[in-house]
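# Remarks on the overall topology
Each chain, letter by letter, is given below.
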Amino acid sequence: MTQGERRTPARRTVLGAAGAAAVLGASTALPTGTAHAAEARGEGRGRGHGHRSLPVPTVIAHRGASGYRPEHTLGSYRHALDLGAHVIEQDLVPTRDGHLVCRHENDITGTTDVADHPEFASRRTTKSVDGTSYTGWFTEDFTLAELKTLRAKERIPGTRQENTLYDGRWTIPTFEEVLRWAEEEGRRRGREVWLHVETKHPTYFRSLGLGLEERLAKLLRRYGRHRANSPVFLQSFEPSSIQRLAKLVDSPGVVLLSAASSRPWDFVQDGDPRTVADLVTPAGLRWIASYAQGIGPTLDLVIPKDATGRLGTPTTLVRDAHAEGLLLHPYTHRNENSFLPADFRRGTDPTAYGDSFGALKRYLETGIDGIFSDNPDTALLAAADFDAADRG
């Protein structure tokens, strides 16, 4: 299928219906397979309290069901729940007047219609964020009232042309709106709605007087999600942000880990020479386990790719992290060829779906505790296949 062709609705409809059916079946009985981290704690799969009660593998809807709806909108979050996702992710950035809103980046050029608003033309500027220069419009230059005049749109329309159908349908949600929405959805669906909440660029925002952690902790306490068994994970690429949050609330923390050669931005600012490669050693994982409950590594840290982009041999990261009692929620699974390892791409169209199930099988076989996915229905079906094989 070429770039200009469109997938038929039937394919997504079948995937969505199958994913929902799989989850409805799973919700009536706990899975009986084996999770390595839970085994180490003497627990069965998906048993216990707090995050230990979640099914394993846990499917985390990355920015909501962002494979099907514009990311970080209530429509994307709601669709993820409808598909059966176990956890819904939010990324948080602040407004000029200190409200936390859900955007993957503070640069909102590509995810809103801000460029179509002449009244904000003068706000376009160039900034350095975590050492990288960006030109566009940024949340910290807008009040919440001003942001609410904008509408969300699809971030990668060239890849996800069908999602542009929903451009302009939703506004940018505040995190407090999401917390209220999660409470309402939980009552309506008769189950807790789990959230996976990331502090974005916390050192950068602290330098602007817009510290994220205190604002986040205040909202978590207000809505009763500040306890160790609350239905929420707190995540960040900056370890110091998770350390700061651990002093404010008891909600479980997850340290996100990028490429092995990279350094967290707070390390760069503090002169800490360690890289992610140092953090995924047994000693580095032991240090993370002293203040966090999990890690969120890029999938390449779990199974590296070779020079041709094909999956190679798994690393020891899963085993080493579990030895320290850490759960693993790697990122990010997507269905499109352009995002899959080379050995699981099908055809020449980068926007077409490849062998997503084959790739997920390889990742789940490593013993990871969950996975972030733009396509939670696909990930749920793969998790059900994995469970069935594990039981058999």
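This section reports on the structure supplied with the text.

### Concerning the nonpolar core
- By size, the foremost hydrophobic cluster in this structure holds 81 residues, and its most contacted members are Phe175, Leu195, Leu216 and Ile295.
- If we ignore the near neighbours within four places in the chain, the residues touching phenylalanine 175 are Gln90, Leu92, Leu100, Val101, Cys102, Leu195, Val197, Leu216, Leu219 and Leu220.
- By size, the runner-up hydrophobic cluster in this structure holds 10 residues, among which are Leu54, Trp194, Tyr331 and Phe372.

### Regarding the pairing of strand β5 (residues 132–136)
- Relative to β5, strand β4 (residues 125–129) runs antiparallel, the two being bridged by five bridges. Each bridged residue has a counterpart across the sheet, and for threonine 125 the counterpart in β5 is glycine 136.
- Between the antiparallel neighbours β4 and β5 lie two residues, among them aspartate 130 with a positive phi of about 50°.

### Here's the deal with the layout of surface pockets
- By volume, the largest pocket is sized at about 800 Å³.
- Those elements giving two or more residues to the lining of the largest pocket turn out to be β6 (194–199), β7 (232–236), α12 (299–302) and α14 (356–364).
- The class makeup of the residues in the lining of the largest pocket is 14 nonpolar, 11 polar and 11 charged.

### Comments concerning the packing of helix α5 (residues 175–189) against helix α7 (residues 212–222)
- The geometry of α5 relative to α7 is characterised by a closest axis approach of 11 Å and an angle of 25° between their N-to-C directions. As the angle between them shows, α5 and α7 are arranged roughly parallel. In terms of crossing hand, the pair formed by α5 and α7 is right-handed. Residues Phe175, Glu176 and Leu179 of α5 touch α7, and the partners they reach there are Leu216, Leu219, Leu220 and Arg222.
- Within the contact of α5 with α7, the residues separate by chemical class into five nonpolar, no polar and two charged.

### A look at the packing of aromatic side chains
- For the coordinates displayed, the defined rule picks out eight aromatic pairs.
- Taken together, the ring pairs in this structure connect Phe267, Trp287 and Tyr291 into an aromatic cluster.
- Arginine 123 extends its terminal NZ or CZ atom over the ring of phenylalanine 142, reaching a point 5.0 Å from the ring centre.
- Its guanidinium or amino end placed over the ring of tryptophan 287, arginine 274 lies 4.1 Å from that ring's centre, counting from NZ or CZ.

### Looking at the pattern of salt bridges
- Throughout the structure, instances matching the rule amount to 27 salt bridges.
- Put simply, aspartate 82 and arginine 189 hold a salt bridge, and the shortest N to O gap is 2.7 Å. Of this pair, aspartate 82 sits in helix α3 (residues 74–83) while arginine 189 sits in helix α5, and the two are 107 residues apart along the sequence.
- Among the charged side chains, a salt-bridge network with shared partners connects Arg78, Asp82, Glu185, Arg188 and Arg189.

### Quick notes on α3
- Of all 10 residues making up α3, seven are buried, and the element is well covered by its neighbours.
- Residues of α3 that are buried: Gly75, Ser76, Tyr77, His79, Ala80, Leu81 and Leu83.
- Phi for glycine 84, located one or two positions after α3, is positive at around 105°.

### Topic: the side chain of histidine 333
- Following the sequence through the fold, histidine 333 ends up in the loop between β10 (327–328) and α14.
- Within polar-contact distance, the side chain of histidine 333 engages the side chain of asparagine 335 at 3.2 Å.
- A polar atom in the side chain of histidine 333 sits 2.4 Å from the side chain of serine 356.
- Not counting chain neighbours up to four residues away, the residues in contact with histidine 333 comprise Leu299, Ser356, Leu360, Ile371, Phe372, Ser373, Asp374, Asn375, Thr378 and Ala379.

Here is what the cut-offs are and how they apply
- Residue indices follow the written sequence of each chain, beginning from 1 at its first position.
- The predicted origin of the model limits local features to residues at a pLDDT of at least 70 and limits the giving and counting of side-chain atom pairs to 80 or more, whereas totals for whole chains, interfaces and linings rest on all residues.
- Excluded from the side-chain calculations are hydrogens and water; all other atoms, namely the structure's heavy atoms, are used.
- Think of a nonpolar core as a cluster: buried Ala, Val, Leu, Ile, Met, Phe, Trp, Tyr and Cys residues, connected wherever their side-chain atoms sit within 4.5 Å.
- Only protein chains enter the accessibility calculation, which uses a 1.4 Å probe; a residue whose area is less than 20% of its type maximum is buried, one above 50% is exposed, and one in between is partly exposed.
- The contact criterion used throughout is that any non-hydrogen atoms of two residues lie within 4.5 Å.
- Strands qualify as paired when DSSP identifies two bridges or more between them.
- Put simply, DSSP marks the helices as runs of H or I at least four residues long and the strands as runs of E at least two long, and each gets a number from the N terminus on.
- Whether a set of points on the 1 Å grid over the protein atoms alone is a cavity depends on a 1.4 Å probe fitting there but being unable to get out, while an open set qualifies as a pocket with protein on both sides within 12 Å along at least five of seven lines; lining residues are those with an atom within 4 Å of a point.
- Grid points are joined across faces, edges and corners, and a volume is the space filled by probe spheres set on the points.
- Side-chain classes follow a simple rule in which Ala, Val, Leu, Ile, Met, Phe, Trp, Tyr, Cys and Pro form the nonpolar group, Asp, Glu, Lys and Arg form the charged group, and the remainder, Gly included, forms the polar group.
- Only the contacting stretch of a helix is used when fitting its axis, a line to C-alpha atoms as for every element, and angles between N-to-C directions run 0 to 180 degrees.
- Put simply, angles under 35 degrees are roughly parallel, angles over 145 are roughly antiparallel, angles from 65 to 115 are roughly perpendicular, and the rest are oblique.
- By the definition used in this description, the sense in which the near helix is turned from the far one sets the handedness, with an anticlockwise turn below a right angle giving left-handed and a clockwise turn giving right-handed.
- Aromatic rings from Phe, Tyr and Trp, taking only the six-membered ring of Trp, are treated as a pair when their centres fall within 6.5 Å; an angle between ring planes under 30 degrees marks them as stacked, one over 60 as edge-to-face, and anything in between as tilted.
- Throughout this description, the term charge over a ring refers to an Arg CZ or Lys NZ atom that lies within 6 Å of the ring centre and within 35 degrees of the ring normal.
- Salt bridges are defined as contacts in which a side-chain nitrogen from Lys or Arg sits within 4 Å of a carboxyl oxygen from Asp or Glu.
- Distance and chemistry together define a polar contact, namely a pair of N or O atoms within 3.5 Å, with one atom able to donate a hydrogen and the other to accept it when in protein, and with adjacent residues in sequence counting only for side-chain atoms on both sides.

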